[in-house]
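# Observations on the three-dimensional arrangement
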Amino acid sequence: MNWNEIDTYVKHWLEEAGNRITASFQNELNIETKSDRNDLVTNIDKETEQYFIKNIQSKFPDHHILGEEGYGEKLESMDGIVWIIDPIDGTVNFVHQQRNFVISIGIYQNGVGRLGYIYDVVQKELYSVEAGKGAFFNGTRLAPLEEPPLSDAIIGMNATWLLSNKLVPVENLHALVRDIRATRSYGSAALECIYVATGRTDAYLTMRLCPWDFAAGKIFIEELGGVVTDVFGNSLNMLEKSSVFACKPGLHKEILDNYLLRGISK
Ligand code: IPD
Ligand code: CA
Ligand code: CA
Ligand code: CA
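Residues numbered from 1 in each chain as written. Chains lettered and ligands numbered in written order. Predicted model: local features only at pLDDT ≥ 70, side-chain atom pairs only at ≥ 80, totals over all residues. Heavy atoms only, no water.

An unreviewed UniProt entry lists the protein under the name Inositol monophosphatase family protein, from Heyndrickxia acidicola.

As structure tokens, then:
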């Protein structure tokens, strides 16, 4: 597989898609709700996904595509080359803030992450990774992840963890939040993952994501020495919804053992 050729096309398509998205700020959005009133989709999410699919199919007709808005395929296997696309990750931010959203693309070969892209359209910040060859921020290589002590850690997690949930006892989460330095919540899973990859935060903990939310971010974090699992420490299935716990390796074990799994029989 000529990964360089794919990389050149993706970077060109990301730039063009980004320009179309920023140009759309002038126009009125067509906003629909999906599963509930917090789950929005716009004409721009749909148009962006269609733009990528049209281009991928014309250059790489034998590749498979899984996209959030459903214009790709209904995949039952990760065999071959699979593009996993979130055309706008952080749609609520896109609609309300016109910032803090990204395009996220993970490219897998037989289930193994090969190329990843997270593009912050408004900031014009492009993160790219090729597994085994390094991760980059606007072309500058990102350093391997360093471990902070738990007491200095910043964890990306949102306020839904305040509610009782079926995954982690709320008192375990209270203890975790008390013991770390701070929490953050950015409203885009891919942005949260790239913040872990760049060391701006130390972990990301979330209850329920779809593969397109974490497909690219997982490749970045693993390339830089981090660990991405569900909140029980199991590896993620790229075709299923899951909780996600992305973190630096030693901290990942410490948080799993002392907080997330505390009092839970595995
Ligand atoms: C959402 C964002 C958000 C996460 C949600 C996702 P979308 O993706 O990543 O941060 O908490 O679970 O659905 O719908 O904006 O692409
Ligand atoms: Ca969505
Ligand atoms: Ca998403
Ligand atoms: Ca989306």
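Having seen it, we continue.
### What about the nonpolar core?
Threshold: For the purposes of this section, nonpolar cores are sets of buried Ala, Val, Leu, Ile, Met, Phe, Trp, Tyr and Cys residues that join through side-chain atoms within 4.5 Å. Think of it in three bands: residues with accessible area under 20% of the maximum for their type are buried, residues over 50% are exposed, and the middle band is partly exposed, with areas taken using a 1.4 Å probe on protein chains only. Numbered from the N terminus, helices here are DSSP runs of H or I no shorter than four residues, and strands are runs of E no shorter than two. Domain borders in the structure are assigned automatically or taken from a domain database. Here, two residues are considered to be in contact whenever any of their heavy atoms come within 4.5 Å of each other.
Ile84, Ile118, Ile194 and Phe220 are the most contacted members of the largest nonpolar core, which totals 37 residues. Only strand S4 (81-89), strand S5 (102-109), strand S7 (125-130), helix H5 (189-197), strand S12 (203-209), helix H6 (211-223) and strand S14 (242-247) provide two or more residues apiece to this core. Both domains that meet at this core, namely domain 1 (3-141) and domain 2 (150-260), each give it at least three residues. Excluding its chain neighbours within four sequence positions, the residues that come into contact with Ile84 are Leu66, Met78, Ser104, Ile105, Gly106, Tyr108, Pro211, Trp212, Ala215 and Met238.

### Some words on the site of ligand 1
Selection rule: Residues are counted as near a molecule or strand when any one of their heavy atoms sits within 4 Å of it. Here a polar contact is recorded for every N or O atom pair within 3.5 Å, except that within protein the pair must consist of a potential hydrogen donor and a potential acceptor, and residues adjacent in sequence are included only if both atoms are side-chain atoms. Using a 1.4 Å probe, the Shrake-Rupley method yields the accessible areas, and only the shown protein chains count as cover for residues. A cavity here means a set of 1 Å grid points, computed over protein atoms only, where a 1.4 Å probe fits but cannot escape. A pocket is an open set with protein on both sides within 12 Å along at least 5 of 7 lines, and lining residues have an atom within 4 Å of a point. More than half of a molecule's atoms within 2 Å of the grid points is what it takes for that molecule to sit in a cavity or pocket. Each residue receives one of three labels: charged for Asp, Glu, Lys and Arg, nonpolar for Ala, Val, Leu, Ile, Met, Phe, Trp, Tyr, Cys and Pro, and polar for the others, Gly being one of them.
Within the structure, ligand 1 sits among Glu68, Asp86, Ile88, Asp89, Gly90, Thr91, Gly187, Ser188, Ala189, Arg208, Leu209 and Asp213. The backbone of Ser188 places a nitrogen or oxygen atom 3.2 Å from an oxygen atom of ligand 1. Taking 370 Å² as the accessible area of ligand 1 by itself, protein coverage stands at 76%. When atom positions are compared with the pocket grids, ligand 1 is found to occupy the largest pocket. The set of elements that each furnish at least two residues to the shell around ligand 1 consists of S4 and S12. It is S4 that provides the largest number of residues to the shell around ligand 1, a total of 3 residues. Broken down by class, the residue content of the shell around ligand 1 amounts to 3 nonpolar, 4 polar and 5 charged.

### Brief notes about helix H1 (residues 3-24)
What counts here: One less than the number of residues in a helix, times 1.5 Å, gives the span that helix is expected to have. The directions from the helix axis to the C-beta atoms form the arc being described.
End to end, H1 covers 31 Å across 22 residues, agreeing with the expected 32 Å (1.5 Å per residue, within 8%). By the burial criterion, the buried members of H1 are Trp3, Ile6, Asp7, Val10, Trp13, Leu14, Ala17, Gly18, Ile21 and Ser24. One side of H1 holds all its buried residues, which, seen down the axis, span an arc of 145°. In this structure, H1 carries Asn4 and Thr8 as exposed residues pointing more than 90 degrees from its buried face. Packed against the buried residues of H1 are helix H2 (43-59), S4, helix H3 (91-97), S5, strand S6 (112-120) and S7.

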